[in-house]
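Summary of structural features
Chain by chain, the residues run as shown.
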Amino acid sequence: GMRTVGQAEIIASIENDTGKSVSENFHMVGGAGLSSLGITMMNAPENNIFGWKARYSASDVKHVLLHENKDIYRRNWLTLRGLLGKPYDLDSFKETVYDKFGKTTFDQSILDTVIYSQDALTGETKAFRSWDPKKFYTADVVLASSVSPSCFGSYTIRELNSPSSHPGYTLN
């Protein structure tokens, strides 16, 4: 969490110094873990009409990480602080992420974006690329990259419009 706040602080400084958003300063961005939340927030289009204008600034990301972290890392008290299960409530994190992105798909990212995760079953790295033909909700990409097995457990992500028989990717 705090490393991502530091990254948001640096990017906010660049935005302030240049007077330009992330999408005006960079050609491509990437992240893994919780930094995927910040990167995708700064890359989410404001709406379908102004697809080039970012919905969130780096300062917005910093605010979310510092002031909404109680919703990202809400304790799951039923597990007795992690003794009987995962210590944090995945549903609370999901609500926060879906609140930020709604039904925005990852291919709508303003910049070419790469988000990394790890397959929970094989240990292989999984890269989500905004330019890939496979479509995913941005919120699902963030959750697949951000959840860690020790905090939330794994997260299964499925390609949009995939058949219900497709097992998806179980990531952490």
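The structure we're discussing is the one just above.
Here's what I pulled together on the structure shown here. All of these numbers come straight from a predicted model, not from anything done at the bench. (Residues numbered from 1 in each chain as written. Predicted model: local features only at pLDDT ≥ 70, side-chain atom pairs only at ≥ 80, totals over all residues. Heavy atoms only, no water.)

Considering the overall build of the protein chain
For the protein chain, the helix and strand inventory stands at 7 helices and 5 strands. Overall, the protein chain shows an N-to-C arrangement of helices and strands of α-α-β-α-α-α-α-β-β-α-β-β. Contacts in the protein chain between residues at least 24 apart in sequence constitute 59% of all its contacts with a sequence separation of at least 6. Entry remark: accessible area of the protein chain is about 9,300 Å², with carbon and sulfur atoms responsible for 52%. (Helix = DSSP H or I, 4+ residues; strand = E, 2+ residues; numbered from the N terminus. Contact = heavy atoms within 4.5 Å. Areas by Shrake-Rupley, 256 points an atom, 1.4 Å probe, with all protein chains shown as cover.)

Looking at the pattern of salt bridges
A full pass over the atoms with the stated rule returns 5 salt bridges. For Lys100, the salt bridge is made with Asp99, and the minimal N-O distance between the two is 3.6 Å. A residue is classified by how much of its surface remains accessible, and Lys100, at 8% relative accessible area, is buried. For Asp132, the salt bridge identified is with Arg129, shortest N-O distance 3.7 Å. Residue classification places Arg129 among the partly exposed positions, given a relative accessible area of 35%. (Salt bridge = Lys/Arg side-chain N within 4 Å of Asp/Glu carboxyl O. Buried < 20%, exposed > 50% of the residue type's maximum accessible area, 1.4 Å probe, protein only.)

Points about the packing of aromatic side chains
Evaluated as defined, the whole model comprises 1 aromatic pair. Aromatic pair Phe128 and Phe136: ring centres 5.2 Å apart, planes at 85 degrees, arrangement edge-to-face. When sorted by exposure, Phe128 lands in the same class as Phe136, which is buried. The lysine or arginine in question, Lys126, covers the ring of Phe128, its NZ or CZ lying 5.2 Å from the ring centre. (Phe/Tyr/Trp six-rings, centres within 6.5 Å; stacked < 30°, edge-to-face > 60°. Lys NZ or Arg CZ within 6 Å of the ring centre and 35° of its normal.)

Examining the sheet that holds strand E3 (residues 125-129)
Strands sit in the order E1-E2-E3 across an open sheet of 3 strands; the sheet is mixed. Each of the sheet's edge strands pairs with one partner strand only, and the pair in question is strand E1 (28-32) and E3. Strand-to-strand twist in this sheet, taken as the mean axis angle between neighbours without regard to direction, amounts to 20 degrees. By the bridge criterion, 5 bridges tie E1 to strand E2 (residues 112-118) in an arrangement that is parallel. (Pairing = 2+ DSSP bridges. Axes fitted to C-alpha atoms, helices over the stretch in contact; angles between N-to-C directions.)

Some words on the nonpolar core
In terms of nonpolar packing, the biggest core is built from 34 residues, with Leu37, Val97 and Phe101 touching the most fellow members. The set of elements that each furnish at least two residues to this core consists of helix H1 (2-18), helix H3 (35-43), helix H4 (58-67), helix H6 (90-101), helix H7 (138-146) and strand E4 (155-157). Element by element, the count of residues in this core is highest for H7, at 5 residues. In contact with Val97, not counting residues within four places along its chain, are Leu37, Ala139, Val142 and Leu143. (Core = buried A, V, L, I, M, F, W, Y, C linked by side-chain atoms within 4.5 Å.)

Things to note about the environment of Lys134
Relative to the helices and strands, Lys134 is located in the loop between E3 and H7. The exposure class of Lys134 is partly exposed, given its relative accessible area of 38%. Sequence separation between Lys134 and Asn161 is 27 residues; the distance between their C-alpha atoms is 9.4 Å.

Function cannot be read off these values alone, since they describe shape.
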